[in-house]
Amino acid sequence: MTRAPGVPGGRRAPAGAAVLREEKTEAIRAAVFAELAAVGFARMSIEGIARRAGVGKTAVYRRWRSKLHLVLDVVSAVAAEGLPTPDTGSLRGDVRMLLEVAARALRHPMASQIVPDLLAEAARSPEIAEALRAALLDSQQGVASAVVARAVERGELRPGVDVRLALDLMTGPLYWRLMVVRDGLPKDYLDELALAVASALEV
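These figures come from a predicted structure and were not determined experimentally. All residue numbers here refer to positions counted from 1 along the written sequence of the relevant chain. Residues qualify for local features only when their pLDDT is at least 70, as the model is predicted, and side-chain atom pairs are given and counted only at 80 or more; totals for whole chains, interfaces and linings, by contrast, use all residues. Excluding hydrogens and water, the side-chain values take into account all heavy atoms of the structure.

### Points about the overall build of the chain
Logical step 1: Here a strand is any run of E in DSSP of at least two residues, a helix any run of H or I of at least four, and the numbering for each starts at the N terminus. Within the chain one finds nine helices and zero strands.
Logical step 2: Helices (α) and strands (β) of the chain occur, in sequence order from the N terminus, as α-α-α-α-α-α-α-α-α.
Logical step 3: A simple rule labels every residue: compare its accessible area, found with a 1.4 Å probe on the protein chains alone, to the largest value its type can have, and call it buried under 20%, exposed over 50%, or partly exposed in between. Across the 203 residues of the chain, 37% fall into the buried class.
Logical step 4: The contact criterion used is simple: two residues touch if any of their non-hydrogen atoms lie within 4.5 Å. Sequence-distant contacts, at least 24 apart, represent 62% of the contacts inside the chain between residues at least 6 apart.
Logical step 5: We get accessible surface area from the Shrake-Rupley algorithm with a probe of 1.4 Å; when it comes to residues, only the shown protein chains can shield them. Carbon and sulfur atoms form 55% of the exposed surface of the chain, whose accessible area is close to 11400 Å².

### Focus: helix α2 (residues 46–53)
Since the α-helix turns once every 3.6 residues, residues separated by three or four places project in the same direction.
Logical step 1: Every buried residue of α2 is accounted for by Ile46, Gly48, Ile49, Ala50 and Ala53.
Logical step 2: Positive phi shows up at Gly54, right after α2, with a value of about 75°.

### Some details on the side chain of Thr25
Logical step 1: Counting through the fold element by element, Thr25 comes out in helix α1 (residues 22–43).
Logical step 2: Throughout this description, a polar contact denotes any pair of N or O atoms lying within 3.5 Å of each other; where both atoms belong to protein, one of them has to be capable of donating a hydrogen while the other can accept it, and for residues adjacent in sequence the pair is counted only when both atoms sit in side chains. A distance of 2.7 Å separates a polar atom in the side chain of Thr25 from a polar atom in the side chain of Arg63.
Logical step 3: With near-sequence residues (within four places) excluded, Thr25 lies in contact with Arg63 and Trp64.

### Quick word on unusual backbone geometry
Peptide bonds are, in most cases, trans, and in most cases residues other than glycine have a negative phi.
Logical step 1: In this structure, Arg182 takes a positive phi of about 55° despite not being glycine.
Logical step 2: Its place among the elements puts Arg182 in the loop between α8 (163–180) and α9 (189–202).
Logical step 3: Residue Arg182 is classed as partly exposed on the basis of its relative accessible area of 46%.
Logical step 4: Although it is not a glycine, Asp188 sits at a positive phi angle of roughly 70°.
Logical step 5: As for its placement among the helices and strands, Asp188 is situated in the loop between α8 and α9.
Logical step 6: For Asp188, a relative accessible area of 42% gives the class partly exposed.

### Section: the layout of surface pockets
Any empty space left between the atoms is revealed when a probe the size of a water molecule rolls over them.
Logical step 1: Taken as a whole, the largest pocket encloses approximately 1200 Å³ of empty space.
Logical step 2: Around the largest pocket sit 34 residues that line it, and Val78, Ala105, Val115, Leu136 and Gln140 are the ones nearest its centre.
Logical step 3: Going through the elements one at a time, α1, α4 (67–81), α5 (91–106), α6 (109–122), α7 (126–153) and α8 are the ones with two or more residues in the lining of the largest pocket.
Logical step 4: In terms of residue count, the dominant contributor to the lining of the largest pocket is α8 (seven residues). Think of a 1 Å grid over just the protein atoms. A cavity is a set of points where a 1.4 Å probe fits yet cannot get out, a pocket is an open set with protein on both sides within 12 Å along at least five of seven lines, and lining residues have an atom within 4 Å of a point. Grid points are joined across faces, edges and corners, and a volume is the space filled by probe spheres set on the points.

### Things to note about α9
Logical step 1: With 14 residues, α9 extends 20 Å between its outermost C-alpha atoms, agreeing within 8% with the 20 Å of an ideal straight helix rising 1.5 Å per residue.
Logical step 2: Within α9 the residues assigned to the buried category are Tyr189, Leu190, Leu193, Ala194, Val197, Ala198 and Leu201. For α9, the arc enclosing every buried residue in end-on projection is 160°, short of the 170-degree limit, so these residues lie on one face.
Logical step 3: The inward-facing, buried residues of α9 abut α5 and α8. The span you would expect from a helix comes to 1.5 Å times its residue count less one. What the arc measures is the spread of directions leading from the helix axis to the C-beta atoms.

### Remarks on the environment of Thr58
Logical step 1: Structurally, the position occupied by Thr58 is in helix α3 (residues 57–63).
Logical step 2: Its relative accessible area of 52% is what places Thr58 among the exposed residues.

### What about the packing of aromatic side chains?
Logical step 1: Here a Phe, Tyr or Trp ring, Trp counted by its six-membered ring, pairs with any other such ring whose centre lies within 6.5 Å, and the pair is stacked when the planes are under 30 degrees apart, edge-to-face when over 60, and tilted otherwise. Summed over all chains, the structure comprises zero aromatic pairs.
Logical step 2: The criterion is that NZ of a Lys, or CZ of an Arg, lies within 6 Å of the ring centre and within 35 degrees of the ring normal, and then a charge sits over that ring. In this structure, Lys67 packs its charged tip against the face of Phe41, placed 4.5 Å from the ring centre.
Logical step 3: Positioned above the aromatic ring of Tyr189, the side-chain terminus of Arg177 is 4.8 Å from the ring centre.

### Brief notes about the environment of Val180
Logical step 1: Within the fold, Val180 resides in helix α8.
Logical step 2: A relative accessible area of 46% means that Val180 is categorised as partly exposed.
Logical step 3: When the C-alpha positions of Val180 and Pro116 are compared, they lie 8.7 Å apart, and in sequence the two are 64 residues distant.

### Considering the packing of α7 against α8
Logical step 1: The N-to-C vectors of α7 and α8 enclose an angle of 105°; their axes lie 9 Å apart at closest approach. The orientation of α7 relative to α8 falls into the category roughly perpendicular. The residues of α8 that touch α7, namely those facing Leu137, Gln140, Gln141, Ala144, Ser145, Val147 and Val148, are Val163, Arg164, Ala166, Leu167, Met170 and Thr171.
Logical step 2: Charged means Asp, Glu, Lys or Arg here, nonpolar means Ala, Val, Leu, Ile, Met, Phe, Trp, Tyr, Cys or Pro, and polar covers whatever is left, Gly included. Here the contact of α7 with α8 is built from residues that sort into eight nonpolar, four polar and one charged. Orientation is described by lines fitted to C-alpha atoms, with helices fitted over the stretch in contact, and by angles between N-to-C directions that extend from 0 to 180 degrees. The scheme is simple: roughly parallel for angles under 35 degrees, roughly antiparallel for over 145, roughly perpendicular for 65 to 115, oblique for anything else.

Put into structure tokens, the structure is as follows:
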């Protein structure tokens, strides 16, 4: 059976119903990141998002009923992607790879503007706070759990290591340096940090 274009499961859209084109949806999501970086959540508008995406406001409202729901959807999509789970064969190697991925993400020009802004908004909006928790904690905690579990299996770590502490040690210094102090990373910094984190967890 031929599927109706743009309709999940092959169901034919009701007469007069708009088919949501995926390329427009992706253009809108990309525009959200650009607008967040340019003006922040408080000043961001559906009009600005639509203009940047090259679509009409109705195209945005067909997909999301408000600016808040649009941002929550984008943040949740980022959370769903998650971090890659490294398996280098050593705790230090796994931590080093995670630090590299996190540093690359935090150094992205958009991230350096968007993350602090959304964290400020989270203090005022429980919905944004919950979405950010999923994006910045829950998904990454699963990766940290896998890294710790493999290190325990290899005998590098004792059973019962606090996974939340491990995640704090891995990501806290990077966030402080790149987002708060806004300083660069010296040569060999990630290697030294990976060694420090691994050594701290082995105690």
